[in-house]
There are 2 protein chains.
Amino acid sequence: MADSLTDSIQDYLKVIYELTENGSAASNTALAARLHIAPASVTGMMQKLASAKPALVEYRKHQGVTLTARGKRAALEVIRHHRLIEAWLVQTLGYSWDEVHNEAEKLEHAISEEFEERIASAMGYPLRDPHGEPIPSADLIMPEDQGIELAKLHPKQEACVQRVHAQDAGFLKHLEELGLVIGARMKVLDVSRYDQVMHIQLRGRKEAIAVGPAITNRVFVEISK
Amino acid sequence: MADSLTDSIQDYLKVIYELTENGSAASNTALAARLHIAPASVTGMMQKLASAKPALVEYRKHQGVTLTARGKRAALEVIRHHRLIEAWLVQTLGYSWDEVHNEAEKLEHAISEEFEERIASAMGYPLRDPHGEPIPSADLIMPEDQGIELAKLHPKQEACVQRVHAQDAGFLKHLEELGLVIGARMKVLDVSRYDQVMHIQLRGRKEAIAVGPAITNRVFVEISK
DNA sequence: ATATATATTTAGGCTTACCTAAATTATTAT
DNA sequence: ATAATAATTTAGGTAAGCCTAAATATATAT
């Protein structure tokens, strides 16, 4: 059971999952940065997880890590917990989307399968969390996500905000002020070739945002022809 | 802040609070038993808590421990969390009173003050948990409890079940089958002087229960003249 | 191809919170 | 009061998960 894994190990697996979603292996340095831990500590943990009774991780020195089927399942279990809890906090306790991450980060390790099932059922088995991120199903399948990076849009295209890949409270508040919330309709007006500023139409207003990792690479949209 | 205390230490403080509610000091053996830990380990922890920067515990060798004001506050914080969560699980997720203890035992360490306030507010600031146990106020005052042990009742007295001091699921289920639930009205018919069996009238039926630590010392009632 | 820079691993240490076994102190019974 | 019993403490040890500093491997630039 994933339940016999420590909080710490669950955190490692979750981050490895995220870093390997693009198909590449995760480097120890990247892991260390995300977990706020020294790189040397990551090495030790990777050796441990790779040689665990059922290995959770595939690891070769200097090559980075990937998850085994078992490790992936454990990671998805944690991610499912996290996203269900975020949805629960917003829907039943009136949290805003910028407040839920830290709370869920602790609760995800503390809830039982029973609790998971009860909140999922109470919410009618939601498919996405408050940031639009897909929630893995109870049998731990991560839904395919066909959203497109805002950065990839061309002028005149219209789209709906589907999902925001971020957790920093300040940043999320900023997006909200901008009007970039889940479901918002928007239209690209133009993109300056020189300073990479994108102008978009949002709820009747014109906003300017920089193309790059800050915003446009974190906001995913669904194009509406 | 109480939040800088580890889960383990919070558990110690909570149990010390319970064991010292009667005014006496808590023995290391009693603590060890409740925490499922070796007595020697308790000794070490008591030494640590007693010599902490702000001491959490008053401790003298072979004499047992009591809580300092600070330790008591930390204990009440954990107990408040625990009982609010139990109430929350029952009221909003349909848990039964025998299922909530273990879940709350983990969640009590994971929630923030923000979360505490939000569920308390959502429930209208309840005064008791699903077992009738009083919930410490937000400023950490434990309400006086004037309930009387069922064992102390005399024949012909009528009373309401106010509170049940127990957490074992099987035992709680048994009480429920017996009809000994919070708020139930009951009347003592007689108590056998020889085998210490108490006969009580409950929802029209006559039930026999042994006087002693199993049931009658754990069920507290409010006498209605 | 070699020097430099960066990433990673090894080695040795630390803290927390537990353990067991042995020694000590307190309690109880005679 | 003393012996037997029970409770408690001391001493020494372990496993997790982290750390820093030094060593090594890989990648990059000239």
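As a reminder, the structure under discussion sits directly above these lines.
Parameters at a glance
Residues numbered from 1 in each chain as written. Chains lettered and ligands numbered in written order. Predicted model: local features only at pLDDT ≥ 70, side-chain atom pairs only at ≥ 80, totals over all residues. Heavy atoms only, no water. Helix = DSSP H or I, 4+ residues; strand = E, 2+ residues; numbered from the N terminus. Rg over C-alpha atoms; globule rule 2.2 N^0.38 Å. Buried < 20%, exposed > 50% of the residue type's maximum accessible area, 1.4 Å probe, protein only. Contact = heavy atoms within 4.5 Å. Areas by Shrake-Rupley, 256 points an atom, 1.4 Å probe, with all protein chains shown as cover. Lys, Arg positive; Asp, Glu negative; His and termini not counted. Charge placed at Lys NZ, Arg CZ, Asp CG, Glu CD. Near = heavy atom within 4 Å. Polar contact = N/O pair within 3.5 Å; in protein donor to acceptor, adjacent residues only side chain to side chain. Nonpolar A, V, L, I, M, F, W, Y, C, P; charged D, E, K, R; others polar. Pairing = 2+ DSSP bridges. Least-squares fit on C-alpha atoms with pLDDT ≥ 70 in both. Salt bridge = Lys/Arg side-chain N within 4 Å of Asp/Glu carboxyl O. Buried area = accessible area lost by both parts, 1.4 Å probe.

**Student:** Help me out: how do you make sense of the overall build of chain A in this one?
**Tutor:** Looking only at helices and strands, chain A features seven helices and eight strands. Over its C-alpha trace chain A gives a radius of gyration of 19 Å, about what one expects of a compact globule, namely 17 Å for 225 residues. Each principal axis of the C-alpha atoms in chain A carries an extent, and together these give about 55 × 45 × 30 Å. A burial count over chain A gives 46% of its 225 residues as buried. Taking the contacts inside chain A whose residues are at least 6 apart along the sequence as the reference set, 60% of them involve residues at least 24 apart. For chain A, the computed accessible surface area is about 11,600 Å², with 52% contributed by carbon and sulfur atoms. Side chains of chain A give 26 positive and 31 negative charges; the mean places of these two sets differ by 6 Å.

**Student:** Just to check I follow, could you spell out the protein's contact with DNA strand D for this structure?
**Tutor:** Around DNA strand D, the surrounding shell holds 20 residues, and the nearest of these are A:T6, B:N28, B:T29, B:Q47 and B:Y59. Each atom of DNA strand D within 4 Å of the protein was classed as base or backbone; sugar and phosphate made up 82%. Here a phosphate oxygen of DNA strand D and a side-chain polar atom of A:T6 are 2.6 Å apart. Contact between DNA strand D and A:S8: a phosphate oxygen at 3.2 Å from a side-chain N or O atom of the residue. Residues of the surface near DNA strand D, tallied by class, amount to eight nonpolar, 10 polar and two charged.

**Student:** Would you mind showing me how to read the sheet that holds strand β7 (residues 205-210) of chain B here?
**Tutor:** Residue and element names in this part refer to chain B. Within the open sheet, the six strands sit side by side as β3-β8-β4-β5-β6-β7. Their pairing is antiparallel. Unpaired on one side and paired on the other, β3 (148-149) and β7 mark the two borders of the sheet. Examined bridge by bridge, strand β4 (residues 158-164) and strand β8 (residues 219-223) share five bridges and lie antiparallel to one another. Each bridged residue has a counterpart across the sheet, and for A159 the counterpart in β8 is I223.

**Student:** Just to check I follow, could you spell out the side chain of A:N28 for this structure?
**Tutor:** All names here are of chain A. In this fold, N28 is placed in helix α2 (residues 28-35). Looking at N28, its side chain comes within polar contact range of the side chain of T43, at 3.3 Å. Once you skip the residues sitting within four places of it in the chain, N28 turns out to touch V42, T43, M46 and Y59.

**Student:** Is there a simple way to explain the relation of the copies chain A and chain B in this structure?
**Tutor:** A rotation about some axis, followed by a shift along it, carries one copy of the chain onto the other. Note on the identical chains: chain A maps onto chain B by a rotation of 180° and an axial translation of 0.0 Å, with an RMSD of 0.1 Å. Seen this way, the second copy is the image of the first under a two-fold rotation axis. Counting the interface residues of chain A, we find that 100% of their copies in chain B are interface residues as well, pointing to one common contact surface.

**Student:** It is not clear to me how the pattern of salt bridges should be interpreted in this structure. Could you clarify?
**Tutor:** Opposite charge on two side chains makes pairing possible when the charged atoms of those side chains draw close. This structure, assessed with the given rule, holds 26 salt bridges over all chains. For A:K14, the salt bridge is made with A:E105, and the minimal N-O distance between the two is 2.8 Å. Taken together, the residues span a long stretch of sequence, with A:K14 in helix α1 (residues 7-19) and A:E105 in helix α5 (residues 100-107) at a distance of 91 residues. Note on A:K14: relative accessible area 6%, which makes it buried. Of the residues examined, A:E105 reaches a relative accessible area of 26% and is grouped as partly exposed. Here B:R128 and B:D145 are joined by a salt bridge, their closest N and O atoms 3.5 Å apart. Highlighted residues: B:R128 in the loop between α6 (113-122) and β3 and B:D145 in the loop between α6 and β3, separated in sequence by 17 residues. Judged by its relative accessible area of 30%, B:R128 is partly exposed. With relative accessibility at 23%, the residue B:D145 sits in the partly exposed group. A single salt-bridge network, built from bridges that share partners, covers A:R128, A:E133, A:D145 and A:R163.

**Student:** What is the right way to read the sheet that holds strand β7 (residues 205-210) of chain A from this model?
**Tutor:** In a beta sheet, neighbouring strands are held together by backbone hydrogen bonds and run either parallel or antiparallel to one another. Sheet architecture is open: six strands sit in the order β3-β8-β4-β5-β6-β7 (chain A), paired in antiparallel fashion. Unpaired on one side and paired on the other, β3 (148-149) and β7 of chain A mark the two borders of the sheet.

**Student:** Would you explain the protein's contact with DNA strand C in this entry?
**Tutor:** Looking at DNA strand C, there are 20 residues lining it, with A:N28, A:T29, A:Q47, A:Y59 and B:K48 nearest. The sugar and phosphate moieties of DNA strand C supply 82% of its atoms located within 4 Å of the protein. Here a phosphate oxygen of DNA strand C sits 3.2 Å away from a polar atom, N or O, in the side chain of B:S8. At 2.6 Å from a phosphate oxygen of DNA strand C is found a side-chain nitrogen or oxygen belonging to B:S41. Those elements that provide at least two residues to the surface near DNA strand C are α2 and α3 (39-50) of chain A together with α1 (7-19) and α3 (39-50) of chain B.

**Student:** Quick question: what am I supposed to make of the interface of chain A and chain B here?
**Tutor:** Chain A puts 18 residues into the contact, and the matching count from chain B is 18 residues. A buried area of about 1,500 Å², summed over both sides, lies between chain A and chain B, and 60% of it is on carbon and sulfur atoms. For the pair chain A and chain B, the interface holds two salt bridges. Two residues, B:E99 and A:R118, come together in a salt bridge whose shortest N-O distance is 3.4 Å. Put simply, chain A and chain B have 10 residue pairs in polar contact (both at pLDDT 80 or more) between them.

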